[in-house]
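Residues per chain, in single letters:
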Amino acid sequence: MNSMRGRAILSLNDTPGVRETFDGLNMETFDLQYTIGQASAGPKEVTEVLIYNFDLPDEGLLGLL
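Residue positions within a chain follow its written sequence, with the count starting from 1. Per-residue local features of the predicted model are confined to residues with pLDDT of at least 70, and side-chain atom pairs are confined, for both listing and counting, to 80 or more; whole-chain, interface and lining totals are unaffected and use all residues. Computation of side-chain values: all heavy atoms of the structure, hydrogens and water removed.

Whenever I open this one, the overall build of the chain confuses me. Can you help?
Starting at the N terminus, helices and strands are each numbered in turn, a helix being any DSSP run of H or I of at least four residues and a strand any DSSP run of E of at least two. If you tally the helices and strands in the chain, you get one helix and three strands. Beginning at the N terminus, the succession of helices and strands in the chain can be written as β-α-β-β. Whether two residues are in contact is decided by their heavy atoms: any pair within 4.5 Å suffices. Considering only intrachain contacts with a sequence separation of at least 6, the fraction spanning at least 24 residues in the chain is 53%. All accessible-area figures derive from a Shrake-Rupley calculation using a 1.4 Å probe, and residue coverage is judged against the displayed protein chains alone. Accessible surface computed for the chain: about 4,900 Å², of which carbon and sulfur atoms make up 50%.

Listed below in structure tokens is the structure:
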């Protein structure tokens, strides 16, 4: 992602391996619930990391919408 000419955004599970692999890129974490396939167990709380290779506008991620 560092060497590509375009912009990219990637969302992955927040794990030490993901953070190590994408070290040097911009990252933000967020909490969410996985609900697909969780009918009997209920929603699963997880933390994801958003990885991107560009500077965000002043509005943050919402400025991209």
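What exactly am I supposed to notice about the sheet that holds strand E1 (residues 9–13) here?
What links the strands of a sheet is backbone hydrogen bonding, and the strands pair in either a parallel or an antiparallel sense. Two strands qualify as a pair provided DSSP detects at least 2 bridges between them. Pairing within the open sheet is antiparallel, and its three strands lie in the order E1-E3-E2. Edge positions in the open sheet fall to E1 and strand E2 (26–34), since each of these has one partner strand only. Here the strands of the sheet are splayed against their neighbours by 30 degrees on average, with no regard to which way each runs. Relative to strand E3 (residues 44–52), E1 runs antiparallel, the two sharing five bridges. Note on geometry: axes are lines fitted to C-alpha atoms, helical ones only across the stretch in contact, with angles between N-to-C directions running from 0 to 180 degrees.

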